[in-house]
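# Survey of secondary and tertiary structure
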Amino acid sequence: MSGRPNPIVAIGNARFGNTLPFALIAGPCQLESRAHALEMASALKEIAGRLGIGLVYKTSFDKANRTSGTSARGIGLDAALPIFAEIREKLGLPVLTDVHEAAQCARVAQAADVLQIPAFLCRQTDLLVAAGRTGRPVNVKKGQWMQAEAMAGALGKVRDAGSGEVAVTERGTFFGYGDLVVDMRNFERLRAATSAPVVFDATHAVQQPGQGVGGASGGQREHIPALLAAAAVAGADGFFIETHPEPARALSDAATQWPLDRLDALVGRTLDLWARAHD
């Protein structure tokens, strides 16, 4: 693979880089409660342990880009920070969460290991700079409208502000209205353009914006295994999967989160393909 970067290292055993062991970012879309978060993190830690892979636990304290103003957004930053700290301290898992405003970054960095920039905000200079100034690893999601090479500027803003560990996430490109496609060439293109590890977000890649009930985001969860398989051999450096014990009851992204009781098999299959591609 060309353009292989140095890995991003999130606290713990999760290291992302194409020449490194398989690593996973996983968790529920939204932080629904302390009990739910601890249950999910414990289950994911067990799965990662069985498979022998690195794990970063992800969840969002605020879903600030919901379709409707009446949709559930999350428990908020103040309530989330002690939960993030508890997951890190009790379970020994690194935590990743989204930031939406520059003012959130310093506070989030006190309790989370990785700051994530949402795709819709990937060109917001003040936000990227504030995340970089924390010195924490930063994962920048590629905007659904952006070509791979255009992400070099976004990651450059983070690096110039002080973060030495930066990753970029491929999560699909708009295909007309209300649908996304994944260009498998983008793993090589993004890595070459940004000199950063490239993570594949398999669950957001099957979203269908505005195609759900009442104009909410829909999705086609059934395509997740095939896209993961393709990404595993096309050069993705790591993987991102949102998961939930009962996706239909999830407070957000119900159409695309992967059932927790089927995650072990899905990741195991992807890991096998990854290993074959890296022999």
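These notes cover the structure that comes with them. None of the values given here were measured: they were computed from a predicted structure.

### Concerning the overall build of the protein
A count of helices and strands for the protein gives eight helices and 15 strands. Looking at the protein as a whole, 53% of its 279 residues qualify as buried. Considering only contacts in the protein between residues 6 or more positions apart, those separated by 24 or more positions represent 68%. Surface summary for the protein: the accessible area is close to 11,200 Å², and the carbon and sulfur share equals 50%.

### Overview of the packing of aromatic side chains
Applying the stated rule across the entire model yields four aromatic pairs. Plain terms: the ring middles of Phe22 and Phe239 are 5.1 Å apart, the flat faces sit at 20 degrees to each other, and that makes the pair stacked. A residue pair is termed long-range when its members are at least 10 positions apart, and Phe22 in the loop between strand S2 (14–16) and strand S3 (23–27) and Phe239 in strand S14 (residues 238–244) qualify at 217 residues. Each member of the pair, Phe22 as well as Phe239, is classed as buried.

### Description of the nonpolar core
Within the largest apolar cluster, 70 residues are counted, with the highest numbers of intra-cluster contacts made by Leu24, Ile87, Val140, Met151, Phe200, Phe239 and Leu263. For Phe200, the contacting residues outside a window of four places in its chain are Glu170, Val182, Phe187, Ala205, Leu227, Leu228, Ala231, Ala236, Gly238, Phe239 and Phe240. Residues Ala14, Val56, Leu96 and Phe240 belong to the second largest nonpolar core, which totals nine residues.

### Here's the deal with helix H5 (residues 151–161)
For H5, the full list of buried residues reads Met151, Ala154, Leu155, Gly156 and Val158. The elements touched by buried residues of H5 are helix H4 (125–133), strand S7 (138–141), strand S8 (166–170) and helix H6 (186–194).

### What to know about the pattern of salt bridges
If you walk through the whole model with that rule in mind, you get 15 salt bridges. Residue Arg249 pairs with Glu246 through a salt bridge whose shortest N-O separation is 3.5 Å. Given a relative accessible area of 61%, Arg249 falls into the exposed group. Judged by relative accessible area, which is 42%, Glu246 ranks as partly exposed.

### A few points about the pairing of S8
Counting buried residues along S8, five of its five residues qualify, which places the element largely inside the surrounding structure. Side chains Val166, Val168 and Glu170 of S8 all project onto a buried face; the interleaved residues Ala167 and Thr169 project onto the opposite face, where all are buried too. With four bridges connecting them, S7 and S8 associate as parallel partners. In the strand pairing of S8, Asn139 is matched with Ala167.

### Topic: the side chain of Glu242
Among the structural elements, Glu242 can be located in strand S14. Given a relative accessible area of 1%, Glu242 falls into the buried group. A distance of 2.8 Å separates the side chain of Glu242 from the side chain of Lys58, its partner in a polar contact. Other than its neighbours up to four places away in sequence, Glu242 contacts Gly27, Cys29, Lys58, Thr203, His204, Asp253, Gln257 and Trp258.

### Topic: the pairing of S7
Judged by which residues are buried, S7 turns out to be covered on both faces: Val138 and Val140 on one side and Asn139 and Lys141 on the other are all buried. When strand S6 (residues 114–117) meets S7, the two strands line up parallel, connected through three bridges. Bridge pairing in S7 links Leu115 to Val138. Chirality of the crossover, the property in question, places the unit of S6, H4 and S7 among those that are right-handed.

### Quick word on the packing of helix H1 (residues 34–51) against helix H8 (residues 263–277)
The geometry of H1 relative to H8 is characterised by a closest axis approach of 10 Å and an angle of 35 degrees between their N-to-C directions. In this structure, H1 crosses over H8, and the sense of that crossing is right-handed. For the pair H1 and H8, the contacting residues are Leu44, Ile47, Arg50 and Leu51 in the first and Leu263, Asp264, Val267, Gly268 and Leu271 in the second. In terms of residue class, the contact of H1 with H8 is made up of six nonpolar, one polar and two charged.

So, how was this worked out
Residues numbered from 1 in each chain as written. Predicted model: local features only at pLDDT ≥ 70, side-chain atom pairs only at ≥ 80, totals over all residues. Heavy atoms only, no water. Helix = DSSP H or I, 4+ residues; strand = E, 2+ residues; numbered from the N terminus. Buried < 20%, exposed > 50% of the residue type's maximum accessible area, 1.4 Å probe, protein only. Contact = heavy atoms within 4.5 Å. Areas by Shrake-Rupley, 256 points an atom, 1.4 Å probe, with all protein chains shown as cover. Phe/Tyr/Trp six-rings, centres within 6.5 Å; stacked < 30°, edge-to-face > 60°. Core = buried A, V, L, I, M, F, W, Y, C linked by side-chain atoms within 4.5 Å. Salt bridge = Lys/Arg side-chain N within 4 Å of Asp/Glu carboxyl O. Pairing = 2+ DSSP bridges. Polar contact = N/O pair within 3.5 Å; in protein donor to acceptor, adjacent residues only side chain to side chain. Right-handed = clockwise from strand over helix to strand, strands pointing away. Axes fitted to C-alpha atoms, helices over the stretch in contact; angles between N-to-C directions. Left-handed = near helix turned anticlockwise from the far one by under 90°. Nonpolar A, V, L, I, M, F, W, Y, C, P; charged D, E, K, R; others polar.

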